[in-house]
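# Notes for the structure review
Here are the chains, one letter per residue:
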Amino acid sequence: MTGSGRVLYVIVCAAGAAGGVGRLVTLAQDDGWIVQVVATPSALGFVDVPALERQTGRPVRSRYRTPDEPKPPRADAIIVAPATYNTVNKFAQGIADTYALGLLAEAPGLGIPVVVLPFVSAALASRTPFRDSVERLRAEGVRVLSGPGEFEPGDGSDADVGGDHPWHLAVSSMRELTSRPPDGPA
């Protein structure tokens, strides 16, 4: 899907649920978004790049562009899904050591709405660094879907990897964030 309209960057990380990110893309497109998929370098092995490129009509990005490459459209919003333990913690710390993290590092400062849908085990979600990162991101206005009624980590088994990742939560949360009037209630 190409054309003019609202541009949503979907940043996909190397997690078991990543292979199903096409479902998230479909939900976002059904909501009227033009989707640009950005994969962390490790995520490239988890997703079907050609299928995502056909679905979006855009190249899957995983690195900074070279000077001779066209500049992609600016994101109006960003969904990070599935977001790994590593990405959540680096995002909260402002670390920008990949293209995906570089986009995330500046998004809050640019006023770009960000929704994070984690994919971590219960053991990792219980760790102080992760809990602190979630709170730090929320303090900056990032919507992190972690906790009761949102993403609830499993035990890391294969049952957690299947197509049941709650992609719809990310899209509905983004819908809420972007339909609210500026300076509206949080």
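These figures come from a predicted structure and were not determined experimentally. (Residues numbered from 1 in each chain as written. Predicted model: local features only at pLDDT ≥ 70, side-chain atom pairs only at ≥ 80, totals over all residues. Heavy atoms only, no water.)

### Re the sheet that holds strand β5 (residues 143-144)
Read from one edge to the other, the open sheet built from 5 strands follows the order β2-β1-β3-β4-β5, with strand pairing classed as parallel. Only two strands of the sheet have a single neighbouring strand rather than two, namely β2 (34-39) and β5. The pairing of strand β4 (residues 114-118) with β5 spans 2 bridges and is classified as parallel. For V116, the partnering residue across the bridge sits in β5 and is V144. (Pairing = 2+ DSSP bridges. Helix = DSSP H or I, 4+ residues; strand = E, 2+ residues; numbered from the N terminus.)

### Regarding the pairing of β4
With 5 of 5 residues buried, β4 is to be regarded as a mostly interior element. Of the two faces of β4, the one holding V114, V116 and P118 and the one holding V115 and L117 are both buried throughout. Sheet topology note: the strand β3 (residues 77-83)/β4 ladder contains 4 bridges and is parallel. When the sheet's bridge partners are listed, I79 is paired in β4 with V115. (Buried < 20%, exposed > 50% of the residue type's maximum accessible area, 1.4 Å probe, protein only.)

### Structural notes on the environment of L8
With respect to the element layout, L8 can be found in strand β1 (residues 7-12). Separated by 68 residues in the primary sequence, L8 and D76 have C-alpha atoms spaced 5.9 Å apart. For L8, the contacting residues outside a window of four places in its chain are A28, W33, I34, V35, Q36, A77, I78, I79 and M174. (Contact = heavy atoms within 4.5 Å.)

### Overview of helix α1 (residues 21-30)
Among all positions in α1, only V21, G22, L24, V25, A28 and Q29 are buried. One side of α1 holds all its buried residues, which, seen down the axis, span an arc of 155 degrees. Tucked into the core, α1 has its buried residues touching β1, β2, α2 (49-56), β3 and α7 (167-179). Of the residues trailing α1, G32 is marked for its positive phi of about 95 degrees. (Arc of directions from axis to C-beta.)

### Things to note about the packing of α1 against α2
Between α1 and α2, whose axes approach to 11 Å, the crossing angle comes to 5 degrees. Overall, the two elements α1 and α2 adopt an arrangement that is roughly parallel. Packed against α1, whose contacting residues are V21, G22, V25, T26 and Q29, the element α2 presents L52, Q55 and T56 at the interface. Classifying every residue of the contact of α1 with α2 gives 3 nonpolar, 5 polar and no charged. (Axes fitted to C-alpha atoms, helices over the stretch in contact; angles between N-to-C directions. Parallel < 35°, antiparallel > 145°, perpendicular 65-115°, else oblique. Nonpolar A, V, L, I, M, F, W, Y, C, P; charged D, E, K, R; others polar.)

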